[in-house]
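Listed below are the residues making up each chain.
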Amino acid sequence: MSPAADAATRTARRSTRFVAWVRAWRAGLVPFDELADEIAADEEHLVADAPGTWTDVPLSQGLPIFAKLRPDEIRLVLPVPGDPRGLPGPGDLTGAALLAGEAVMTPGFGVVPEVRRHTSGSGVEFETVLWRVMPAPEHRAVFQMGAAEAEAQLTAALGEATTRLTKLDVAQWKPELAGALQALRRPESTETLPPGFDPRSRRLFARASVLDQVLALAGTNAPGGAVNGYEAQQRDEALRPLTAACRQALVAACNSPLHP
């Protein structure tokens, strides 16, 4: 895989892992004792404003708020301005989710990640992820496409974007983007979902997870002005449908039905 695609696998939307593992736990497919470690990986995760708490608590102490929910009541939402699907009406929760670009929704509350960056006394930079619990009384999930339809849409969008970028000669002014998109036709990602997800959902999640990060890299301009304003506009227009399809693919994969 190209350097850009390889670098893209280092980070991912945190709500995807959160939703997938909490849903698997509620389906009885993974033990609670493993949950916090699987979600947090090597980061520090805290929960704020959880019912019955008075301060920020470790992730393992905040996760029991999901204990009475069924797996299908826990949903991933990846909103953007102009497309707030899956969120309640205007309010603090919707505003926070749009700012973060992600959220975990249930019939009674939502959870939005907030990344806090710190510098230690020795100058080492590190991050803390704070999951803020916010009320969403009587929230109801909206219809979403299934994994099969989302996979077909993603494949079509990737092909169209690659064609348009080739015509723009993106390989000349941003070769790492062109190489990454080509590599994603045969993804080598090891990103995975917990037990209970079918092979199609796993394949879709792996592909979309890497592509999501490649698209984040694609939105940055090369140093030294290698990309002018017109080229950046053309690039963004070419990638916009692919970005939307990628978000939908992640949502479809993580919210797909679980199987024992």
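This text goes with the structure placed above it.
The rules we used
- Residues numbered from 1 in each chain as written.
- Predicted model: local features only at pLDDT ≥ 70, side-chain atom pairs only at ≥ 80, totals over all residues.
- Heavy atoms only, no water.
- Helix = DSSP H or I, 4+ residues; strand = E, 2+ residues; numbered from the N terminus.
- Buried < 20%, exposed > 50% of the residue type's maximum accessible area, 1.4 Å probe, protein only.
- Contact = heavy atoms within 4.5 Å.
- Areas by Shrake-Rupley, 256 points an atom, 1.4 Å probe, with all protein chains shown as cover.
- Phe/Tyr/Trp six-rings, centres within 6.5 Å; stacked < 30°, edge-to-face > 60°.
- Pairing = 2+ DSSP bridges.
- Core = buried A, V, L, I, M, F, W, Y, C linked by side-chain atoms within 4.5 Å.
- Axes fitted to C-alpha atoms, helices over the stretch in contact; angles between N-to-C directions.
- Parallel < 35°, antiparallel > 145°, perpendicular 65-115°, else oblique.
- Nonpolar A, V, L, I, M, F, W, Y, C, P; charged D, E, K, R; others polar.

Let us now look at the overall build of the protein chain. Helices and strands together make up the secondary structure of the protein chain, namely 10 helices and six strands. In the protein chain, buried positions account for 48% of the 260 residues. For the protein chain, restricting intrachain contacts to residue pairs at least 6 apart in sequence, the fraction spanning at least 24 positions comes to 69%. Total accessible area on the protein chain is roughly 12,900 Å²; 54% of this is exposed by carbon and sulfur atoms.

The next thing to look at is the packing of aromatic side chains. Within the structure shown, the criterion is met by four aromatic pairs. A centroid spacing of 4.4 Å and a plane angle of 45 degrees characterise the contact between phenylalanine 18 and tryptophan 131, whose relative ring orientation is tilted. Pair noted here: phenylalanine 18 is in helix α2 (residues 14-26) and tryptophan 131 is in strand β6 (residues 125-135), with a separation of 113 residues, a long-range link. Accessibility expressed as a relative area gives 2% for phenylalanine 18, which makes it buried. Taken together, a centroid distance of 5.3 Å and an interplanar angle of 65 degrees make the contact between phenylalanine 66 and phenylalanine 109 edge-to-face. A residue pair is termed long-range when its members are at least 10 positions apart, and phenylalanine 66 in the loop between α4 (59-62) and β3 (75-77) and phenylalanine 109 in strand β5 (residues 109-119) qualify at 43 residues. Of the two residues examined, phenylalanine 66 and phenylalanine 109, each falls in the buried class. Taken together through their ring pairs, the aromatic side chains of Phe18, Phe66, Phe109 and Trp131 make up a single cluster.

Spatial ordering of the open sheet is given by β2-β1-β6-β5-β4-β3, a layout of six strands whose pairing is mixed. Pairing within the sheet leaves two strands with one partner each, and these edge strands are β2 (57-58) and β3. Pairing of strand β1 (residues 44-48) with β6 involves five bridges; the strand directions are parallel. Following the sheet pairing, glutamate 44 is matched in β6 by threonine 128.

With that settled, consider the nonpolar core. Nonpolar side chains in soluble globular proteins generally cluster together in the buried interior. Phe18, Val22, Leu59, Phe66, Leu154 and Leu242 are the most contacted members of the largest nonpolar core, which has 55 residues in total. Taken together, the elements giving at least two residues each to this core come down to α2, α3 (32-40), β5, β6, α6 (147-167), α9 (199-218) and α10 (229-254). For this core, the element with the highest residue contribution is α10, accounting for 11 residues. Setting aside its immediate chain neighbours within four residues, valine 22 contacts Leu35, Ile39, Leu63, Phe66 and Ile74. Among the nonpolar cores identified, the runner-up in size contains nine residues, and Val77, Met105, Val112 and Met134 belong to it.

This part covers the packing of α2 against α3. Where α2 meets α3, the axes come as close as 10 Å, and the angle between the chain directions of the two elements is 170 degrees. If you check the angle between α2 and α3, you find them roughly antiparallel. Counting all contacts with α2, which are made through Arg17, Phe18, Trp21, Val22 and Trp25, the residues of α3 involved are Phe32, Leu35, Glu38 and Ile39. Taken together, the residues of the contact of α2 with α3 break down into seven nonpolar, no polar and two charged.

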